[in-house]
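# Observations on the model geometry
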Amino acid sequence: MALFNYVNFIGHKNSHEMVVPITLFVAILCICLVIGSLFEENRWVNESITAIIIGLISGTIILLISKGKSSHILRFNEEVFFIYLLPPIIFNAGFQVKKKQFFHNFLTIMSFGVIGVFISSSIIASGSWWIFPKLNFNGLTIRDYLGIGAIFSSTDTVCTLQVLHQDETPLLYSLVFGEGVVNDATSVVLFNAVQKIDVARFNGWSAFHVFLDFLYLFSTSTCLGVAVGLITSYILKGLYFGRHSTVREISLMLLMAYLSYMLAELWNLSGILTVFFSGILMSHYAWHNVTDSSRITTRHAFEAMSFIAETFIFLYVGMDALDIEKWKMSQQSLAGSVWTSMGIYVTVLVLMAIGRAAFVFPLSVLSNFMNRNARRTPPITFKHQIVIWWAGLMRGAVSIALAFKQFTFSGVTIDPVHAVMVTTTVVVVLFSTLVFGFLTKPLIHHLLPQNDSRRGIDRESSISKETLPLLSFDESATTNLLRAKDSLSMLLQRPVYTIHSYWRRFDDTYMRPIFCAPTTNEESV
């Protein structure tokens, strides 16, 4: 049929040839939304699973009609993902994040999302480098193995978050959500740092250089996001766009968020980190400087754009799973051995599980130790640790995009060895999302019965509300010295709570009067 002459539409000069496949893909997206709404009350099936299944069905139909030539309507380009699809997903995550919970658990989230990625990536990369040759799969370079570590360290916690109740398990929900976002950002930053390695001279210093490069990218990207968020907030407060048009203030927030992402990419920084912290700062300050109608509109608009982008990715993953050309090419590299293919898939899944366990349980123990005197209810129990470990076993859009960036050119694979890694990534994403996703609800209900999960409510009320001592110029040196001693003692006993409380006081005293209009009964960090 003429329809399938338009499958590989990228590069065609005739705009009409692009309209047909895009129209079909948008129609399938609408079908995903309709079917997804039917499963709204059923937490066994979330939007990701629905989109993947519909993608598989659509790919099968297209494959049959095209007589096995292609399963795609559109040909995926990884640059499209990083430039157009990823920014709204990450920005919405930062804009919608519950800041009290996120920053109360900031150190734990950052340890899971940053240190955990390094541990997991190291285990996956070294394990693949050791096992793959034993399975008669050769041809990957050191950079490829390091890239594999970053690719399969990126998690997708959507399935778990849909089952968890934020009001019932605020601590657990905050840790799973926060780690998921920081994990994606760290994986991309680490992936980009790995690409700069000189493979011919790889040694211990090269690994240390990767770490230094990572710290530079992480810190500068965060600072850029904070700066853009503060500038946007100051402009909205000073000019009060809403008195003329609410459209202008919403447009400014959208464009400034996208500008922060593009500036980061232009300066070879991490756009994910930049747009994430830009979203947090805009939510904390800029959101209070717009009209009430704009507040409602922005939350729904940002969430809608993120939802469409995520659905697009998973729908494509379902179609790409039936790409015959990639499967044929990967089997050429593996000499047609099904057992070798299965061995690679199982190896990656096992290494992912080991990599998660290697940091989730030790870092949870460390977090409980640091907060032992914070009177936090509940601590990160062993059951919570299992849920956190399980939530990170699923892979999603970022893994797919990184794999395409590493092993394809504009979605096309030429090297059979690279084709194996692309198909492996697709299989891992499909298996982890479908199988682990379906098992998430019964696992969490078994580990966290309703009466147990309610213990997490009102966690904030269990934290001491005493005022932390601060230095004062009106007091004597002896009194200030005693205050400083008490502050240091409290910092050592309750580091997370102490830092957060000092930030709250600094924010209320200096930051909000400058960047934020007066608010009442709103969430603050």
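Note that the coordinates shown come from a computational prediction; the quantities given were computed from them, not determined experimentally.

Another point: the overall build of the protein. Broken down by element type, the protein carries 20 helices and zero strands. A total of 525 residues make up the protein; the buried ones form 54% of that total. Carbon and sulfur atoms provide 66% of the accessible area of the protein, an area that totals close to 23,600 Å².

So, about the pattern of salt bridges. Evaluation of the coordinates by the stated rule reveals two salt bridges. Of the charged contacts in the structure, one is a salt bridge between R356 and E179, with a shortest N-O distance of 2.5 Å. With R356 in helix 14 (residues 338–370) and E179 in helix 8 (residues 170–194), the pair connects residues that are 177 residues apart, well separated along the chain. Between D292 and R295 there is a salt bridge, with its nearest N and O atoms 3.8 Å apart. In this pair, D292 and R295 are both assigned in helix 12 (residues 292–320), three residues apart and thus about one turn of the helix distant.

For the pair helix 12 and helix 17 (residues 416–447), the least separation of the axes is 10 Å and the interaxial angle reads 115°. The interaxial crossing formed by helix 12 with helix 17 has left-handed handedness. In this structure, helix 12 contributes F314, V317 and D320 to the contact, and helix 17 contributes V426, V429, L430 and T433. Looking at the contact of helix 12 with helix 17 residue by residue, the classes come out as five nonpolar, one polar and one charged.

Of the pockets and cavities examined, the largest pocket occupies roughly 1,400 Å³. Lining the largest pocket are 46 residues, and of these N92, L161, Y173, F177 and E303 sit closest to its centre. Listing elements by their share of the lining of the largest pocket, those giving two or more residues are helix 2 (47–65), helix 3 (78–96), helix 4 (99–104), helix 7 (158–163), helix 8, helix 12 and helix 16 (397–407). When its residues are assigned to classes, the lining of the largest pocket shows 20 nonpolar, 15 polar and eleven charged.

Our focus in this paragraph is the confidence of the model for the protein. In this model, the protein carries an average pLDDT of 77, and 76% of its residues clear a pLDDT of 70 or more. Scored below 50 in pLDDT, residues 451–469 shows 50 contacts in the model against residues more than four places distant or in partner chains. Note that residues 520–524 has pLDDT below 50 and, in this model, 13 contacts with residues that lie over four places away or in other chains.

Basis of the calculations
- Residues numbered from 1 in each chain as written.
- Predicted model: local features only at pLDDT ≥ 70, side-chain atom pairs only at ≥ 80, totals over all residues.
- Heavy atoms only, no water.
- Helix = DSSP H or I, 4+ residues; strand = E, 2+ residues; numbered from the N terminus.
- Buried < 20%, exposed > 50% of the residue type's maximum accessible area, 1.4 Å probe, protein only.
- Areas by Shrake-Rupley, 256 points an atom, 1.4 Å probe, with all protein chains shown as cover.
- Salt bridge = Lys/Arg side-chain N within 4 Å of Asp/Glu carboxyl O.
- Axes fitted to C-alpha atoms, helices over the stretch in contact; angles between N-to-C directions.
- Left-handed = near helix turned anticlockwise from the far one by under 90°.
- Contact = heavy atoms within 4.5 Å.
- Nonpolar A, V, L, I, M, F, W, Y, C, P; charged D, E, K, R; others polar.
- 1 Å grid on protein atoms, 1.4 Å probe; cavity = no way out; pocket = protein on both sides within 12 Å on 5 of 7 lines; lining within 4 Å.
- Points joined across faces, edges and corners; volume = space filled by probe spheres on them.
- pLDDT = per-residue confidence, 0-100.

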